[in-house]
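# Structural characterization, general
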Amino acid sequence: MLDKTAFLYVEDDPLSRDVMEMLMEYVVGTKNLVMFEDSTDFMARLKQLTPRPDVILLDIYVQPEDGFAMLEALRRDPDFRHIKVIALTASVMEDEIERLRRHGFDGVIGKPLDSTTFPDLLERIIKGEAVWRVL
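Residues numbered from 1 in each chain as written. Predicted model: local features only at pLDDT ≥ 70, side-chain atom pairs only at ≥ 80, totals over all residues. Heavy atoms only, no water.

What the chain contains, in helices and strands, is five helices and six strands. Seen in sequence order, the chain has helices and strands lined up from the N terminus as β-α-β-α-β-α-β-α-β-α-β. At 13 Å, the chain has a C-alpha radius of gyration in line with the 14 Å of a compact globule built from 135 residues. Burial analysis of the chain (135 residues in total) assigns 44% to the buried set. Put simply, of all contacts in the chain between residues at least 6 apart along the chain, 67% involve residues at least 24 apart. Between the mean site of the 17 positive side-chain charges and the mean site of the 26 negative ones, the chain shows a separation of 5 Å. (Helix = DSSP H or I, 4+ residues; strand = E, 2+ residues; numbered from the N terminus. Rg over C-alpha atoms; globule rule 2.2 N^0.38 Å. Buried < 20%, exposed > 50% of the residue type's maximum accessible area, 1.4 Å probe, protein only. Contact = heavy atoms within 4.5 Å. Lys, Arg positive; Asp, Glu negative; His and termini not counted. Charge placed at Lys NZ, Arg CZ, Asp CG, Glu CD.)

Before going further, it helps to examine a negative patch on the surface. A surface patch of negative charge is lined by Asp-12, Asp-13, Asp-18 and Glu-21. Within the element layout of this structure, Glu-21 appears in helix 1 (residues 14-28). Judged by relative accessible area, which is 41%, Glu-21 ranks as partly exposed. (Patch = residues over 30% accessible without salt bridge, like charges linked within 9 Å, V, L, I, M, F, W, Y side chains within 5 Å. Areas by Shrake-Rupley, 256 points an atom, 1.4 Å probe, with all protein chains shown as cover. Salt bridge = Lys/Arg side-chain N within 4 Å of Asp/Glu carboxyl O.)

As for its position among the elements, Arg-99 is in helix 4 (residues 94-103). Classification of Arg-99 as partly exposed rests on a relative accessible area of 30%. In this structure, the C-alpha to C-alpha distance between Arg-99 and Leu-88, residues 11 residues apart in sequence, is 13 Å. Among all residues touching Arg-99, those that are not within four sequence positions of it are Tyr-61 and Phe-68.

What follows is about a nonpolar patch on the surface. A cluster of nonpolar side chains, Leu-15, Val-19, Met-22, Tyr-26 and Val-27, forms an exposed patch at the surface whose accessible area comes to about 510 Å². Relative to the elements of secondary structure, Leu-15 occurs in helix 1.

Looking now at the side chain of Thr-30. Looking at where Thr-30 falls in the secondary structure, it is placed in the loop between helix 1 and strand 2 (33-36). What makes Thr-30 buried here is its relative accessible area of 3%. Among the polar contacts listed, one links the side chain of Thr-30 to the backbone nitrogen of Asn-32, at a separation of 3.0 Å. Those residues in contact with Thr-30, other than ones at most four positions away along the chain, are Leu-2, Asp-3, Thr-5, Phe-7, Met-24 and Glu-25. (Polar contact = N/O pair within 3.5 Å; in protein donor to acceptor, adjacent residues only side chain to side chain.)

Under the counting rule described, the total for this entry stands at eight salt bridges. Look at the salt bridges and you will find they share partners, linking Glu-11, Asp-59 and Lys-111 into a network.

On to the pairing of strand 4 (residues 84-89). Burial analysis of strand 4 places five of its six residues in the buried class, which makes it a mostly covered element. Judged from the five bridges that link them, strand 3 (residues 55-59) and strand 4 form a sheet pairing that is parallel. Within the sheet, the bridge partner assigned to Leu-57 lies in strand 4 and is Ile-86. Crossover strand 3 to strand 4 through helix 3 (residues 67-76) is right-handed. Where strand 4 meets strand 5 (residues 107-110), four bridges bridge the pair, whose relative direction is parallel. From the neighbouring strand, Ile-86 faces strand 5, where its bridge partner is Gly-107. (Pairing = 2+ DSSP bridges. Right-handed = clockwise from strand over helix to strand, strands pointing away.)

See the structure below:
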(Lines give C-alpha, C1' and ligand atoms only; values in the text may rest on other atoms or scores of the structure.)
Protein backbone atom coordinates (compact mmCIF):
# COMPACT_ATOMS: atom_id res chain seq x y z
CA MET A 1 0.00 0.00 0.00
CA LEU A 2 2.77 2.48 0.86
CA ASP A 3 4.55 1.95 -2.44
CA LYS A 4 1.46 3.23 -4.31
CA THR A 5 0.94 6.27 -2.08
CA ALA A 6 2.24 9.69 -3.17
CA PHE A 7 3.83 11.80 -0.44
CA LEU A 8 4.84 15.45 -0.18
CA TYR A 9 7.22 16.60 2.56
CA VAL A 10 7.72 20.32 3.24
CA GLU A 11 10.90 20.80 5.27
CA ASP A 12 13.51 23.55 5.35
CA ASP A 13 16.21 21.58 7.17
CA PRO A 14 18.48 19.75 4.67
CA LEU A 15 19.40 17.02 7.17
CA SER A 16 15.73 16.30 7.91
CA ARG A 17 15.05 16.05 4.16
CA ASP A 18 17.97 13.61 3.77
CA VAL A 19 16.67 11.48 6.64
CA MET A 20 13.15 11.44 5.16
CA GLU A 21 14.45 10.49 1.72
CA MET A 22 16.44 7.58 3.16
CA LEU A 23 13.55 6.41 5.36
CA MET A 24 11.06 6.50 2.51
CA GLU A 25 13.30 4.72 0.02
CA TYR A 26 15.13 2.17 2.17
CA VAL A 27 12.77 1.55 5.10
CA VAL A 28 9.30 2.28 3.71
CA GLY A 29 10.23 1.10 0.21
CA THR A 30 8.84 3.93 -1.91
CA LYS A 31 10.24 6.60 -4.18
CA ASN A 32 6.86 8.36 -4.40
CA LEU A 33 8.13 11.33 -2.41
CA VAL A 34 8.35 14.96 -3.46
CA MET A 35 10.04 17.46 -1.18
CA PHE A 36 9.71 21.24 -0.97
CA GLU A 37 12.60 22.93 0.85
CA ASP A 38 10.40 25.84 1.86
CA SER A 39 6.79 26.96 1.68
CA THR A 40 7.19 29.71 -0.90
CA ASP A 41 4.18 29.61 -3.28
CA PHE A 42 3.09 26.42 -1.55
CA MET A 43 -0.36 26.02 -3.11
CA ALA A 44 0.78 26.97 -6.62
CA ARG A 45 3.62 24.44 -6.48
CA LEU A 46 1.34 21.78 -4.99
CA LYS A 47 -1.19 22.19 -7.79
CA GLN A 48 1.53 21.46 -10.36
CA LEU A 49 2.41 18.06 -8.88
CA THR A 50 1.52 14.91 -10.80
CA PRO A 51 0.42 12.73 -9.19
CA ARG A 52 -1.07 14.81 -6.42
CA PRO A 53 0.02 13.68 -2.98
CA ASP A 54 -2.16 11.38 -0.91
CA VAL A 55 -0.36 12.40 2.28
CA ILE A 56 1.33 15.70 3.07
CA LEU A 57 3.94 15.82 5.82
CA LEU A 58 4.53 19.36 7.08
CA ASP A 59 7.32 20.72 9.19
CA ILE A 60 5.49 23.13 11.46
CA TYR A 61 8.13 25.85 11.62
CA VAL A 62 9.11 26.05 7.94
CA GLN A 63 9.25 29.51 6.32
CA PRO A 64 7.84 31.74 4.91
CA GLU A 65 4.46 30.13 5.68
CA ASP A 66 4.42 27.87 8.72
CA GLY A 67 2.63 24.54 8.86
CA PHE A 68 -0.52 26.10 10.30
CA ALA A 69 -0.82 28.56 7.38
CA MET A 70 -0.21 25.78 4.84
CA LEU A 71 -2.86 23.61 6.49
CA GLU A 72 -5.38 26.47 6.39
CA ALA A 73 -4.71 26.95 2.67
CA LEU A 74 -5.18 23.22 2.05
CA ARG A 75 -8.45 23.07 3.97
CA ARG A 76 -9.85 26.09 2.04
CA ASP A 77 -9.16 24.49 -1.35
CA PRO A 78 -11.85 22.00 -2.44
CA ASP A 79 -9.28 19.96 -4.43
CA PHE A 80 -7.02 19.46 -1.41
CA ARG A 81 -9.15 19.75 1.73
CA HIS A 82 -9.48 15.96 2.14
CA ILE A 83 -5.78 15.10 1.84
CA LYS A 84 -4.23 13.64 4.97
CA VAL A 85 -1.95 16.28 6.53
CA ILE A 86 0.51 15.20 9.21
CA ALA A 87 2.61 17.59 11.28
CA LEU A 88 6.24 16.68 11.82
CA THR A 89 7.75 18.54 14.72
CA ALA A 90 10.37 18.37 17.41
CA SER A 91 8.08 20.41 19.66
CA VAL A 92 6.22 17.66 21.48
CA MET A 93 4.78 19.51 24.47
CA GLU A 94 1.16 18.60 25.21
CA ASP A 95 -0.11 22.15 24.56
CA GLU A 96 1.56 22.16 21.13
CA ILE A 97 -0.02 18.81 20.26
CA GLU A 98 -3.42 20.12 21.34
CA ARG A 99 -2.89 23.20 19.14
CA LEU A 100 -2.17 20.90 16.16
CA ARG A 101 -5.40 18.97 16.83
CA ARG A 102 -7.46 22.15 17.11
CA HIS A 103 -6.11 23.45 13.81
CA GLY A 104 -7.23 20.29 12.01
CA PHE A 105 -4.10 18.26 11.40
CA ASP A 106 -4.79 14.56 10.88
CA GLY A 107 -1.95 13.65 13.20
CA VAL A 108 1.53 14.41 14.37
CA ILE A 109 4.80 12.51 14.28
CA GLY A 110 7.55 13.70 16.56
CA LYS A 111 11.11 14.29 15.42
CA PRO A 112 13.56 12.76 15.30
CA LEU A 113 11.84 10.11 13.22
CA ASP A 114 12.17 6.52 14.41
CA SER A 115 12.94 4.14 11.55
CA THR A 116 11.40 1.19 13.43
CA THR A 117 7.96 2.80 13.90
CA PHE A 118 7.73 5.24 10.97
CA PRO A 119 6.48 2.76 8.31
CA ASP A 120 3.73 1.49 10.62
CA LEU A 121 2.65 5.05 11.43
CA LEU A 122 2.39 5.89 7.72
CA GLU A 123 0.39 2.72 7.08
CA ARG A 124 -2.04 3.62 9.86
CA ILE A 125 -2.42 7.17 8.50
CA ILE A 126 -3.19 5.90 4.99
CA LYS A 127 -5.84 3.59 6.42
CA GLY A 128 -7.53 6.63 7.97
CA GLU A 129 -6.32 6.51 11.54
CA ALA A 130 -5.41 9.76 13.27
CA VAL A 131 -1.89 9.21 14.57
CA TRP A 132 -0.59 11.37 17.40
CA ARG A 133 2.88 9.87 17.95
CA VAL A 134 5.39 12.10 19.69
CA LEU A 135 7.60 9.62 21.54
